[in-house]
Protein chains: 2
Amino acid sequence: MKQIAILGFGVVGSGTAEVLTENQKLIAERCGEAVNIKYILDLRDFPDHPLGDRIVHDINIILNDPEVVLVAEMMGGSHPAYEFTLSALKAGKSVVTSNKEVVANFGAELLVLAREHHVSYLFEASVGGGIPIIRPLQTDLASNEILAVSGILNGTTNFILTKMKKEGADFAEVLKIAQAKGYAEANPAADVEGIDAARKIVILAALSFGVLLDPNKIPTEGITGITAEHTTVADKLGCAVKLIGHTERIDGKVYAAVSPYLVPAANPISHVDDVFNGILVDANMLGRALFYGAGAGKLPTASAVVADIIDILSHKAEERRLPQWKIAEDGDIADPELYVCRRCYVIEGCARCAEKAKKAFDTEECIFINDSQFAVVSAPMTAKSADQALASTGLDAKFCMPILD
Amino acid sequence: MKQIAILGFGVVGSGTAEVLTENQKLIAERCGEAVNIKYILDLRDFPDHPLGDRIVHDINIILNDPEVVLVAEMMGGSHPAYEFTLSALKAGKSVVTSNKEVVANFGAELLVLAREHHVSYLFEASVGGGIPIIRPLQTDLASNEILAVSGILNGTTNFILTKMKKEGADFAEVLKIAQAKGYAEANPAADVEGIDAARKIVILAALSFGVLLDPNKIPTEGITGITAEHTTVADKLGCAVKLIGHTERIDGKVYAAVSPYLVPAANPISHVDDVFNGILVDANMLGRALFYGAGAGKLPTASAVVADIIDILSHKAEERRLPQWKIAEDGDIADPELYVCRRCYVIEGCARCAEKAKKAFDTEECIFINDSQFAVVSAPMTAKSADQALASTGLDAKFCMPILD
């Protein structure tokens, strides 16, 4: 019997207990022996829960019990989750987590510590909920150089954007519905301002390029500025508005950012709707692969946590399996000004203005949204070049959005 | 330096050499040391190829060389690929393969043999080309009971169906274009009659349920009977016609089959177009996940072969990692008559006939395709119940297709 502990008995923590109980038999088969939740750390008591007798309030009970070989941290937030992870690894216990905040902020250091103590630190559930992405990037795509990763990484904002599209509604209106349905928090800032997606794209960038950026310092724009007008323009262009976390190498340095994009229908990520997540990987041999599924939710996320638990309990800790991340220094970080993509400008003007814009943006792609407004899609260029092209026309843009090809 | 051998220097074999050469440095890093192709077995010589000096014509040279730790079999066809795999495993060499025919027909036996000889037998490239699916099913989804797998598993037929939809063309017409483009073989039977997809769904069924069915004995229907009329009806119903390999458990037994389906737009697999493959997994905790990408092609498929090579060379062979498949006996195989799904019947008739059909099929879903023809979508039922429902109306159906929800 393998003894494990759960830290945090909230949504994902209790979901993890549920997966371990519900699929007990097959998990035991795959681990080679049964897995028992010996302790659950939480501030609260759960006297009526079948596992209520496992609740402890002192992390040291877990750290000092040599029987516990693995700790599943699902507390959320940086502190004390980070300190508890640190202590567990130092005590020679492997750690699995769904906590993207801890992985994005402290992952490099925690991976080093895990290697030093010959244990594992796995975090499949930290990105894309239940969708397999962390492990495939490290195993199935190990034969490839990763060129770029673009993802719909936040279910709440994708739900809002999908509903805005379907109903032609504005952001604030739909946010209220999402909150009523429990898809958005009372304080939705981490979701709608792109902070959650920023943490996740930083993790994917680290897995792809070996450099851990500071999630608080990458260019991050949420969806609070998106209006029915944006979705209308998107629709006319055969695109969907999506909040995208994107990372790629520019001149050998790492670029990562979060921003609303127009995504053309030809890109499979444009069809990822509602609360689902989708992650598109561009690799030098494989080409494009999309990973799609439930990016959040109790059981899907717990399913990924338990996959990590099985992985650790069924294998000996091998140093090779843990990635090595360099904490980003200035020289590792690409200048965001150098990021190149096609860009859509919506401009008030006549047919002659549109001709002028097409010339300036080096493109034939231009359509009229209504009698006096057109959308022009630039050739691939930097934001600065595109703004200069616009300035050269003497026209004013109502708004501009990047395009994810 | 790790020494390996390639069997078969065709499209995937030469692609594998290309991936190993192109991404040499990162592969060496991930394997812990450089990987060298010591031999390439082929009937032909390649005097002008940079690796032409590695060509051998006798398998025994490879089998008898103790330096060779791994053999990558990409010969295609059952024989002598099966015999060579057998000999390599017995000689204590791990084998990786893209050969779905060998895996689907002999996988159970080869996995036993690999375990006995403490080596690995991996086959990520045998299903979905470069798309990660075999390993995710065994690792990321290890915490789940698999409920069903449905896949667009053949790029050639998906290209044909996509083109038929876009151009309203018939099968024969589009087949010629596909052949001219090199997407379909001169003898396209294995693709268009569903034989290739049958091998792949049998492999996915074995991974999901532990039972290896005979790919030659599962219900298999291709796309040769699909006409512009089918795609028109699909379009009116908001569906796409797709050739689907599907497997699930029915009453504890394994069902697997290949057939054209109508796939509603709400199912993400309906958006998998052109030569791409998509595999939808239903799991009891995760829910639905879709794996999408290049299901064939030289470099994508080779990318999966090399991922398996890296996996083996960077880990010690551990018995646990190889699945155990039982060869299906009669008691393991579900009666196809028990398979339940919604079914679309296209029927010649008036509004009163349509009302009669709706009642018989226990449904409200019925639309007129033109003045005298309607499509009615049954409630979920077996084929037999649906046919009985039809018979009870006294109406004749022009055709019938299952629906993949």
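Since the model is a prediction, treat every value here as computed from it, not as a measurement. (Residues numbered from 1 in each chain as written. Chains lettered and ligands numbered in written order. Predicted model: local features only at pLDDT ≥ 70, side-chain atom pairs only at ≥ 80, totals over all residues. Heavy atoms only, no water.)

J.: Just checking my understanding: could you explain the side chain of B:His315 for this structure?
T.: Residues and elements named next belong to chain B. For His315, the position within the fold is in the loop between helix H12 (298-314) and strand E13 (326-327). At 2.9 Å, the side chain of His315 and the backbone oxygen of Asp311 are in polar contact. Within the local environment of His315, its side chain forms a polar contact with the side chain of Ser314, the two groups lying 3.2 Å apart. (Helix = DSSP H or I, 4+ residues; strand = E, 2+ residues; numbered from the N terminus. Polar contact = N/O pair within 3.5 Å; in protein donor to acceptor, adjacent residues only side chain to side chain.)

J.: Looking at this structure, how should I read the packing of aromatic side chains?
T.: Geometrically, a pair of aromatic rings is defined through the distance of the ring centres and the angle of the planes. Within this structure, the stated rule accounts for 19 aromatic pairs over all chains. Consider the rings of A:Phe368 and A:Phe374, whose centres lie 5.4 Å apart with planes at 55°: the pair is tilted. Between B:Phe276 and B:Tyr292 the ring centres are 5.2 Å apart and the planes differ by 20°, which places this aromatic pair in the stacked class. Here the residue B:Phe276 occupies a position in strand E11 (residues 276-283), and B:Tyr292 occupies one in strand E12 (residues 287-294), the gap between them amounting to 16 residues. An aromatic cluster of at least three residues, connected via ring pairs, comprises A:Tyr121, A:Phe123 and A:Trp325. (Phe/Tyr/Trp six-rings, centres within 6.5 Å; stacked < 30°, edge-to-face > 60°.)

J.: What should I look at first to understand the relation of the copies chain A and chain B in this one?
T.: Note: a rotation about an axis with an accompanying shift along it relates these two copies of the chain. When chain A is fitted to chain B, the best match, at an RMSD of 0.0 Å, comes from turning it 180° and sliding it 0.0 Å along the axis. In the structure described here, the two chain copies are related by an operation that fits a two-fold rotation axis. Residues of chain A ranked by C-alpha distance from the rotation axis are headed by A:Phe291, positioned 2.6 Å from it. When the interface residues of chain A are mapped onto chain B, 98% of them again lie at the interface, so the same face is used by both copies. (Least-squares fit on C-alpha atoms with pLDDT ≥ 70 in both. Contact = heavy atoms within 4.5 Å.)

J.: Teacher, can you tell me more about the packing of helix H13 (residues 351-360) of chain A against helix H14 (residues 383-393) of chain A here?
T.: Any two packed helices are characterised by how steeply their axes cross, that is the angle between the axes, and by the distance between the axes. Residues and elements named next belong to chain A. The geometry of H13 relative to H14 is characterised by a closest axis approach of 9 Å and an angle of 145° between their N-to-C directions. As H13 packs across H14, the resulting crossing turns out to be right-handed. Together, Lys356, Ala357 and Ala360 of H13 and Ala389, Ser392 and Thr393 of H14 make up the contact between the two elements. (Axes fitted to C-alpha atoms, helices over the stretch in contact; angles between N-to-C directions. Left-handed = near helix turned anticlockwise from the far one by under 90°.)

J.: Looking at this structure, I do not really get the pairing of strand E10 (residues 253-264) of chain B. What am I missing?
T.: Regular strands place their side chains on alternate faces of the sheet. All names here are of chain B. The buried fraction of E10 amounts to 11 of the 12 residues, a majority that puts the element mostly inside the structure. In this structure, strand E9 (residues 239-250) lies alongside E10, joined through 12 bridges in antiparallel fashion. Pairing of Lys242 across the sheet is with Tyr261, part of E10. The hairpin formed by E9 and E10 contains two residues between the paired strands, and Asp251 there has a positive phi angle of roughly 50°. (Buried < 20%, exposed > 50% of the residue type's maximum accessible area, 1.4 Å probe, protein only. Pairing = 2+ DSSP bridges.)

J.: I'm lost on the confidence of the model for chain A in this one. Help?
T.: Detailed reading of the predicted coordinates is not advisable wherever pLDDT is low. With 99% of its residues at a pLDDT of at least 70, chain A reaches an overall mean of 96. In the predicted complex, the global pTM is 0.96; the interface-specific ipTM is 0.94. (pLDDT = per-residue confidence, 0-100.)

J.: Explanation requested: the pattern of salt bridges in the structure shown.
T.: Close approach of charged atoms lets side chains of opposite charge pair. Summed over all chains, the structure comprises 48 salt bridges over all chains. Residue A:Lys200 is joined to A:Asp196 by a salt bridge in which the shortest nitrogen-to-oxygen separation is 2.8 Å. Here A:Lys200 and its partner A:Asp196 are both found in helix H10 (residues 195-209), four residues apart, which amounts to about one turn of the helix. The two residues A:Lys200 and A:Asp196 agree in class, both being buried. Residues participating in the shared-partner salt-bridge network are A:Glu124, A:Arg135, A:Asp308, A:Asp311 and B:Asp140. (Salt bridge = Lys/Arg side-chain N within 4 Å of Asp/Glu carboxyl O.)

J.: Please clarify how the sheet that holds strand E14 (residues 343-348) of chain B should be interpreted in this entry.
T.: Two orientations exist for strands paired in a sheet by backbone hydrogen bonds: parallel and antiparallel. Residue and element names in this part refer to chain B. The sheet built from four strands is open, its strands ordered E15-E16-E14-E17 with antiparallel pairing. Both edges of this open sheet fall to strand E15 (366-370) and strand E17 (397-402), since each of them pairs with a single strand only. Neighbour-to-neighbour, the strand axes of the sheet open up by a mean angle of 20°, direction not taken into account. Direction of pairing for E15 relative to strand E16 (residues 373-377): antiparallel, over a ladder of four bridges. Directly across from Asn370, in E16, lies its bridge partner Gln373. Relative to the sheet, helix H11 (residues 228-236) contacts E14, E15, E16 and E17, its axis offset from that of E17 by approximately 65°. Along the sheet, helix H13 (residues 351-360) makes contact with E14, E15 and E16, crossing E16 at roughly 15°.

J.: In this structure, what is going on with the interface of chain A and chain B? I would like to understand it.
T.: When the parts of a complex come together, some accessible area is lost, and that lost area is often taken as the interface size. Contact residues are listed per partner, giving 46 residues for chain A and 45 residues for chain B. Interface area for chain A against chain B, summed over the two sides, is near 3,700 Å², with a carbon-plus-sulfur share of 57%. Taken together, chain A and chain B are joined by two salt bridges. A:Arg135 serves as the salt-bridge partner of B:Asp140, at 2.8 Å between the closest nitrogen and oxygen. Inspection of the region where chain A meets chain B yields 16 residue pairs in polar contact (both at pLDDT 80 or more). Counting residues per element, the ones that place at least two in the side of chain A that touches chain B are helix H1 (11-22), helix H2 (24-31), helix H6 (134-138), strand E12 (287-294) and helix H12 (298-313) of chain A. For the side of chain A that touches chain B, the element with the most residues is E12(A), which contributes seven residues. Residues of the side of chain A that touches chain B, tallied by class, amount to 22 nonpolar, 12 polar and 12 charged. (Buried area = accessible area lost by both parts, 1.4 Å probe. Nonpolar A, V, L, I, M, F, W, Y, C, P; charged D, E, K, R; others polar.)

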